[in-house]
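# Structural characterization, general
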Amino acid sequence: KEVVVIGYGSVKKKDATGAVDQISSKKFDNVSATTPGSLLQGKVAGVQITSSSGEPGAGVSIRVRGNGTLRSGNGPLIVVDGVPLAGGDVSAGGADLGLGSSSAKDPLSFINQNDIESMSILKDASSTAIYGARGANGVIIITTKKGKSKEPELTYSTSYQVSNFASKFDVLSPERFAELSPANDKGGSFIWKDEVLQQGVTMNHDLAYSSSTDKSNTRVSLGMTSTDGIVRGTGLDKYTATLFNSNDFFDGRVKLETRLSYSNIKDRRGLVSNNSGFIGNLISSALYWNPTLNTRNDDGSYAFNGDTYLNPVQLLNSYSNKGDLSKFLGSITTTVKLTNDLKYQLLVGIESSNSVTSTQLLPSMIIQNVAVASNPADQKQYRGMATINLDQRANKTIEHNLTYTKDLTKNINLNAIVGYSYYDYTADGNFASGKGYDVNQTNLIDNIEGGLQNEYRVSSYRNRVELQSYFGRVNATLFKKLILTATLRSDGSTKLGINNKYDYFPSVGVAYKV
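The structure reproduced in this document is the subject of the present report.

Turning our eyes to something else, we now look at the overall build of the chain. Of regular secondary structure, the chain possesses six helices and 22 strands. Based on the C-alpha atoms only, the size of the chain along its principal axes is roughly 90 × 50 × 45 Å. Across the 514 residues in the chain, those meeting the buried criterion constitute 47%. Taking the contacts inside the chain whose residues are at least 6 apart along the sequence as the reference set, 69% of them involve residues at least 24 apart. As presented, the chain carries roughly 25200 Å² of accessible surface, and 53% of it is formed by carbon and sulfur atoms. Separation between the mean location of the 53 positive side-chain charges and that of the 47 negative ones in the chain comes to 10 Å.

What follows is the structure in structure tokens.
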């Protein structure tokens, strides 16, 4: 009797002709995760979840149908409460200052896991064809919670979680190093784990109010997550607010549903990357630092041992990478029951985001060929670099569909849907960078133009893509045993040439219940 959510509807799992898996909130209520993608890990056969790093809120790679597809990306289409998300990164990644770049945060991190009712994963062509070209890599449909109890209900939940460095990767202690290499004994002590790592702590607070009657349904929720990563200086603070409201009019013939979701995510990223080059990043610098060499001199200044042999504590305190993401997702769905067998539905959705990523490396940090600039006026070299990356997205969704359900005879059941979709995706942003600052400057972001004028750079971008689609699907059940599903979608995109704007995506599925 399990009902699974599919594209533009739902069906009993035993009646689905395509490969569809669904996990409900019961399977991850006791799991703490900063992003919904992590909740799928190990729970759905054939779905691969890979995190780009161990940072809080790090980007998650989701592969439903493997790699190497014909589309430019390999990630699945994400649909939240009927609104297909634009896809791609909604937060800017950290700029490469010469020691590797940081990846963008997970685009699903704006969703509070405690607001999720279920997640359906559409895997094969029969189940994803209704989404056309965008469903080529699979589809994940996220359905958020509604009010359930007819009595007003107020719930509060909280959790506290700690995390520690799990690896047993040990290096020589200062004493052992001095014993094996007395010529390099500097007489000090450096324990890399104590200097660059810490105990990670995550706190979650969730407050929700819900009520339900025969003609209305309301749920309001507030969420807060605060995470400190196991690498010092890394962390994430997330604040979410959601509203669901549903009302029936005209004796249930008209239903109006409103969903609003807002989130703000502030994250702090460390200099931990996979493309840092031979000099290394924070972790590698800490690992090869001489364990008998103190990181600070007697006067409190940082010990310097060469521009390719970085002081890990100085690097930790000299590098800053902060992100601030605000995201809004809203939709209004109107359902009109035209007859007992025919209903019309209109969905209007808006998705917007604003992301700012600020990165700086202080001029007091001396690294070979990194953040170095020459001043033509005095022919001197100056150091330090700062970048500000702004990314803004505004997306619109309009969908119309007609659904017809009829028992033609006692042995033939028919369900058919036809529809039209229009999507408007706009992205714009700008990038500013400065290089070559006074050695005493510590706040480069708020004075990005304070570096060398010949090294100040500004750029901007803007693009817009429109998609238009027509789709239809017919499900026929014969003698309660044989199930036939035929789907066709036509997608048109402004990305394509004048004579090649549209293409067609058909599928046929057959199932027989034993």
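Picking up after the structure, the text goes on.
Tracing the backbone through its elements, the reader meets D237 in strand β13 (residues 235-249). Here S226 takes part through its side chain, which lies 3.0 Å from a polar atom of the side chain of D237. Excluding its chain neighbours within four sequence positions, the residues that come into contact with D237 are T225, S226, T227, N264, I265, K266 and R268.

A surface patch of nonpolar side chains, amounting to about 720 Å² of accessible area, comprises L154, Y156, L207, Y209, V220, L222, L243 and L260. Of all the elements in the fold, those that place two or more residues in the nonpolar patch are β10 (153-163), β11 (200-212) and β12 (216-228). Locating L222 in the fold gives a position in strand β12.

Let us look at the side chain of Q360. Tracing the sequence through the fold places Q360 in strand β16 (residues 342-361). Only 3.0 Å separates the side chain of Q360 from the backbone nitrogen of L444, close enough to count as a polar contact.

Bringing the sheet that holds strand β6 (residues 77-80) into the picture now. Read across the open sheet, the five strands follow the order β3-β8-β9-β6-β7; overall the sheet is mixed. Where the open sheet ends on each side, the last strands, each with one partner, are β3 (20-24) and β7 (83-84). Note: β3 against strand β8 (residues 116-122), five bridges, orientation antiparallel. The partner of V20 across the bridge, within β8, is L122.

This brings us to the environment of K495. Note that K495 resides in the loop between β21 (482-493) and β22 (502-512). Linking K495 and L467, residues 28 residues apart in sequence, is a C-alpha distance of 8.8 Å.

For the rest of this paragraph, the subject is unusual backbone geometry. Phi at Y8 is positive, roughly 60°, even though this residue is not glycine. Tracing the backbone through its elements, the reader meets Y8 in the loop between β1 (3-6) and β2 (9-12). Here Y8 falls in the buried class, since its relative accessible area comes to 18%. At F250, a position not held by glycine, the phi torsion is positive, near 55°.

Our focus in this paragraph is the pattern of salt bridges. If charged atoms from side chains of opposite charge come close, those side chains can pair. On inspection of all chains with the given rule, the structure shows 19 salt bridges. One salt bridge in this structure joins K193 and D170, with 3.4 Å as the shortest N-O distance. Of this pair, K193 sits in helix α4 (residues 192-196) while D170 is found in the loop between β10 and α3 (174-180), placing the two residues 23 residues apart along the sequence. Owing to a relative accessible area of 26%, K193 belongs among the partly exposed residues under this scheme.

Further remarks concern the packing of aromatic side chains. Throughout the structure, instances matching the rule amount to eight aromatic pairs. Arranged with centres 5.4 Å apart and planes meeting at 25°, the rings of Y8 and Y131 form a pair that is stacked. With Y8 in the loop between β1 and β2 and Y131 in the loop between α2 (125-128) and β9 (139-144), this pair connects stretches of sequence that are 123 residues apart. For the pair formed by Y8 and Y131, the shared burial category is buried.

With respect to the helices and strands, the residue D341 is situated in the loop between β15 (319-337) and β16. Remark: the alpha-carbon pair of D341 and K406, spanning 65 residues in sequence, is separated by 5.9 Å. Among residues more than four places away in sequence, those in contact with D341 are T403, Y404, T405 and K406.

This part is about the environment of R462. Tracing the sequence through the fold places R462 in strand β20 (residues 457-478). For the pair R462 and Q392, spaced 70 residues apart in sequence, the C-alpha to C-alpha distance is 9.4 Å. Not counting chain neighbours up to four residues away, the residues in contact with R462 comprise T426, A427 and D428. Within polar-contact distance, the side chain of R462 engages the side chain of D428 at 3.4 Å.

Conventions and cut-offs
- Residues numbered from 1 in each chain as written.
- Predicted model: local features only at pLDDT ≥ 70, side-chain atom pairs only at ≥ 80, totals over all residues.
- Heavy atoms only, no water.
- Helix = DSSP H or I, 4+ residues; strand = E, 2+ residues; numbered from the N terminus.
- Buried < 20%, exposed > 50% of the residue type's maximum accessible area, 1.4 Å probe, protein only.
- Contact = heavy atoms within 4.5 Å.
- Areas by Shrake-Rupley, 256 points an atom, 1.4 Å probe, with all protein chains shown as cover.
- Lys, Arg positive; Asp, Glu negative; His and termini not counted.
- Charge placed at Lys NZ, Arg CZ, Asp CG, Glu CD.
- Polar contact = N/O pair within 3.5 Å; in protein donor to acceptor, adjacent residues only side chain to side chain.
- Patch = residues over 30% accessible without salt bridge, like charges linked within 9 Å, V, L, I, M, F, W, Y side chains within 5 Å.
- Salt bridge = Lys/Arg side-chain N within 4 Å of Asp/Glu carboxyl O.
- Pairing = 2+ DSSP bridges.
- Phe/Tyr/Trp six-rings, centres within 6.5 Å; stacked < 30°, edge-to-face > 60°.

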